[in-house]
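Results of the structural survey
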Amino acid sequence: MSADTATRPAAPRPRPPALRRLTLTELTLFLRERAGVIWGIGLPMALLIVFGNVPGFRKPVSPAVPQVSVLDSYVPVLLAFVLAMIALNVLPPVLAGYREKGVLRRLSATPVGAVRVLAAQLIVDAGMIAVTMIALLVVARFAFSVAFPRQPTEFALAVVLAGLALLSLGLLLASVLPTSRGANAAGAILFFPMMFFAGLWLPVAAMPAALRHVSQATPLGAAVQAMTDAWQGHWHPLHLLILAGYALAFAVAAARLFRWE
Amino acid sequence: MTTAIEVQGLTKQYAGSTVVRDVSFMVERGEIFGIIGPNGAGKTTTVECIEGLRKPDAGHIRVLGLNPARDRGELRERLGVQLQDAELPARLQVGEALRLYSSFYAAPADWRALMEMLGLTGKQKTHFGKLSGGQRQRLSIALALVGQPEVVVLDELTTGLDPQARRDTWTLIEGVRDRGTTVVLVTHFMAEAERLCDRIAVFDSGRIVALDTPAALAAGADASQRIMFRPDRPLDETELLALPEVRGVQRRGGQVTVTCAGAMLNAVTTLLARHGIVAGQLRVDQASLEDAFIALTGPHHDEKTTRAQEKSDVR
């Protein structure tokens, strides 16, 4: 046994393959779970294809801007849909479930610890969101002639800030809700009003002024506005600031409230 | 170095109530050390402090010379654990779980060999959520061993297993010890402690109330014997009671039970023979570890719950 002890490295450190293997495992579980694939990836893509084939969606969204079709104005809403579905309906139940079932506690007793499974889950969720958004943009561009955003940098910034805000909100839900079931319910309850203010059922442009102001103050409403601005070549730092504020607030709250067991 | 674990004066409180108070013990390298006690006796809290999952409020712990609170990184590399009620993601396959956990360690065991050893090879592609209780338990043992630990802590090792699976697990743990791994076993199943452990610490209300080999614990708690038989003719109880060390005689139906303070079988059978009485269905009950446990963990503890629990575990 003493020889065994002698051959061990003096200060073993978690090896890089551990995070890679954890991330691959989380990806496998994401795909196997199917809910995220169906609702977070399949549904927005199906909506894009359906809307793209409805003649009414090719008309201008309003006579004032004849070059922007209804479909053009809907693509940012679908992008927000992907974000909200994965950040609010996939992330919270998975992480709350990991804590509830002792998965995190078990990982805490290994050399890699439990933080890395959180990281792996966030990497997978962010990666799935990014891949789906790019797929939506590409299909919209080449199948339905929706132009790419005119200000790609501002657009990317809006997406990144919106992603940070929503994933932090998802983490916050996972922090305060003790069970997977509770996190699932809370995510679903938040999803619908937030998507309403993002303009899923009623385009923000068609909302009464009061509602439009409320919309702009919500995370997804601000996200859709920021993406739309960048798409059409405008620049309104207000929406980006709102998103950054939400991202910071949710991230700080989640970090303070998160419990490992 | 012959000491694997050293615990001195360990104290832990939760919300004002002390769950572990002034607990001290040493675990030698290569032994199977048992921790038994009723529910809520502080067993799990104690091993969680050893594992570095909880910080003691007072006391001194060394595991392989390391401080679990400070040297967590190195300790986790050398200490394997099986936790009570720790699950895996429901859709994770057995093989994937073993491969994942083996990637966490610097010098992991061959996870395929481990899977074979625990009889899980046929379940490699089975999701964790679809495993039976026994299969889950075997997988959690495999995960505890996948880092080739020098010390392994197993909490409620065989809870939920059927008797055959339980025996197979015992054989497995003996094999682990024979390869030089120190084993700490938390259990409330007496037969398990009696069969596996070199030494046992009996916990009650956050303290160690006894620490010895299973045989010494059983002998020390109560040296009394019970002799039961069915006499073929009526016998005079007063003559039995007159024997030294006989404490009592009970008659139920045709059966007589004689309780003695020491080993009195010879004296009782001689007396019966003198009267020409034949003792049918003669049986002698010796104090067991379970009797010792009940005696040690005392009258304030409801022995019925412990026994009922064990019965339900056997099922």
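Residues numbered from 1 in each chain as written. Chains lettered and ligands numbered in written order. Predicted model: local features only at pLDDT ≥ 70, side-chain atom pairs only at ≥ 80, totals over all residues.

With that settled, the discussion passes to the overall build of chain A. Helix and strand counts for chain A come out as twelve helices and zero strands. Sequence-ordered secondary structure for chain A, helices as α and strands as β, is α-α-α-α-α-α-α-α-α-α-α-α. Looking at chain A residue by residue over its 261 residues, the buried ones come to 44%. (Helix = DSSP H or I, 4+ residues; strand = E, 2+ residues; numbered from the N terminus. Buried ≥ 20, exposed ≤ 12 C-beta atoms within 10 Å, placed from the backbone.)

Attention now goes to the overall build of chain B. Broken down by element type, chain B carries twelve helices and 13 strands. Its C-alpha atoms give chain B principal-axis dimensions of about 75 × 45 × 35 Å. Here chain B holds 315 residues, and 42% of them are scored as buried. Considering only residue pairs separated by 6 or more positions, chain B has 70% of its internal contacts joining residues 24 or more positions apart. (Contact = placed C-beta atoms within 7 Å.)

Okay, the nonpolar core next. Note that soluble globular proteins tend to have their nonpolar side chains buried in a common cluster. If you look at the biggest cluster of nonpolar residues, it comprises 149 residues, and the most contacted ones within it are Ala-84 and Leu-243 of chain A together with Ala-142 and Leu-185 of chain B. Those residues in contact with Leu-185 of chain B that lie beyond four places of it in its chain are Ile-32, Phe-33, Gly-34, Ile-35, Leu-154, Leu-157, Leu-196 and Cys-197 of chain B. Counting residues in each nonpolar core, the second largest holds ten residues, with Phe-229, Val-246, Met-264 and Val-268 of chain B among its members. (Core = buried A, V, L, I, M, F, W, Y, C linked by C-beta atoms within 7 Å.)

What follows covers the interface of chain B and chain A. With 24 residues of chain B at the contact, the number on the chain A side is 23 residues. Those elements giving two or more residues to the side of chain B that touches chain A turn out to be helix 2 (72-78) and helix 3 (94-102) of chain B. Per-element tally for the side of chain B that touches chain A: the top contributor is helix 2 of chain B, with four residues. Grouping the constituent residues of the side of chain B that touches chain A by class yields 13 nonpolar, three polar and eight charged. (Nonpolar A, V, L, I, M, F, W, Y, C, P; charged D, E, K, R; others polar.)

The subject of this paragraph is the sheet that holds strand 9 (residues 207-212) of chain B. As a general point, the strands of a sheet are linked pairwise by backbone hydrogen bonds and lie either parallel or antiparallel. All names here are of chain B. Taken in spatial order, the six strands line up as 5-6-7-3-8-9 in an open sheet, and their pairing is mixed. Unpaired on one side and paired on the other, strand 5 (79-82) and strand 9 mark the two borders of the sheet. Within this sheet the neighbouring strands show an average axis-to-axis angle of 15°, counted without direction. Pairing of strand 5 with strand 6 (residues 151-155) involves four bridges; the strand directions are parallel. Each bridged residue has a counterpart across the sheet, and for Gly-80 the counterpart in strand 6 is Val-152. (Pairing = 2+ DSSP bridges. Axes fitted to C-alpha atoms, helices over the stretch in contact; angles between N-to-C directions.)

What follows deals with the pairing of strand 11 (residues 246-252) of chain B. All names here are of chain B. Relative to strand 12 (residues 255-260), strand 11 runs antiparallel, the two sharing six bridges. Following the sheet pairing, Val-246 is matched in strand 12 by Cys-260. Taking the residues between adjacent antiparallel strands as the criterion, strand 11 and strand 12 are bridged by two residues, where Gly-253 takes a positive phi near 60°.

Attention now goes to the confidence of the model for chain A. Of the residues in chain A, 94% have a pLDDT of 70 or more, and the chain-wide mean is 91. This stretch, residues 1-12 of chain A, has a pLDDT under 50; its non-local contacts, to residues over four places away or in other chains, come to nine contacts. (pLDDT = per-residue confidence, 0-100.)

Next up on the list: the domain arrangement of chain B. Under the domain assignment used here, chain B contains domain 1 (3-219) and domain 2 (223-286). When each unit is reduced to the centre of its C-alpha atoms, the spacing between domain 1 of chain B and domain 2 of chain B is 45 Å. (Domains from an automatic or database assignment.)

Attention now moves to the packing of helix 5 (residues 91-100) of chain A against helix 9 (residues 180-198) of chain A. Residues and elements named next belong to chain A. At a minimum axis distance of 7 Å, the contact between helix 5 and helix 9 shows a crossing angle of 165°. One finds that helix 5 runs roughly antiparallel with respect to helix 9. Crossing of helix 5 against helix 9: the hand is right-handed. Two secondary-structure elements touch here, helix 5 through Pro-92, Pro-93, Ala-96, Gly-97 and Glu-100 and helix 9 through Ser-180, Gly-182, Ala-183, Asn-184, Ala-186 and Gly-187. Split into classes, the residues belonging to the contact of helix 5 with helix 9 amount to five nonpolar, five polar and one charged. (Parallel < 35°, antiparallel > 145°, perpendicular 65-115°, else oblique. Left-handed = near helix turned anticlockwise from the far one by under 90°.)

Turning to the packing of helix 7 (residues 115-144) of chain A against helix 8 (residues 152-176) of chain A, a few remarks are in order. In a packed pair of helices, the relevant descriptors are the angle between the two axes and the axis-to-axis distance. Residue and element names in this part refer to chain A. It is at 12 Å that the axes of helix 7 and helix 8 come closest, and there the two elements cross at 140°. Accordingly, the angle class assigned to the pair helix 7 and helix 8 is oblique. For the pair helix 7 and helix 8, the sense of crossing is right-handed. Contacts between helix 7 and helix 8 involve Leu-122, Asp-125, Ala-126, Ile-129 and Met-133 from the first element and Val-159, Gly-163 and Leu-167 from the second. Broken down by class, the residue content of the contact of helix 7 with helix 8 amounts to six nonpolar, one polar and one charged.

Residues and elements named next belong to chain B. Counting through the fold element by element, Leu-10 comes out in strand 1 (residues 3-14). Judged by the 24 C-beta atoms lying within 10 Å of it, Leu-10 is buried. Residues within four places of Leu-10 in sequence aside, it is in contact with Val-20, Val-23, Thr-46, Cys-49, Pro-56, Gly-59 and Ile-61.

Another aspect to go through is the sheet that holds strand 1 of chain B. Residues and elements named next belong to chain B. Strand order in the open sheet formed by three strands is 2-1-4, with antiparallel pairing between adjacent strands. Looking along the sheet, the strands with just one partner apiece sit at the ends: strand 2 (17-28) and strand 4 (58-63). Geometrically, the sheet is characterised by an average inter-axis angle of 15° between neighbouring strands, direction not taken into account. Where strand 1 meets strand 4, five bridges bridge the pair, whose relative direction is antiparallel. Looking at the pairing, Gln-8 lines up with His-60 of strand 4. Taken strand by strand, helix 1 (residues 43-50) contacts strand 1, strand 2 and strand 4, and its axis lies near 120° from that of strand 1.

Phi angles above zero are rare outside glycine, and Ser-145 of chain A is one such case at about 55°. With respect to the helices and strands, Ser-145 of chain A occurs in the loop between helix 7 and helix 8.

This brings us to the confidence of the model for chain B. All names here are of chain B. For chain B, mean pLDDT is 86; residues scoring 70 or higher make up 91% of the total. By mean pLDDT, the top-scoring element of chain B is helix 3 (96), and the lowest-scoring one is helix 12 (residues 303-314) (41). Every residue in residues 301-315 is under pLDDT 50, and counting partners more than four places away or in other chains gives ten contacts. Interface confidence for the predicted complex, expressed as ipTM, amounts to 0.87; the pTM equals 0.82.

Turning our attention to the environment of His-213 of chain A. One can find His-213 of chain A in helix 10 (residues 209-217). On a C-alpha basis, the gap between His-213 of chain A and Phe-197 of chain A in space is 9.8 Å, while along the polypeptide they are 16 residues apart.

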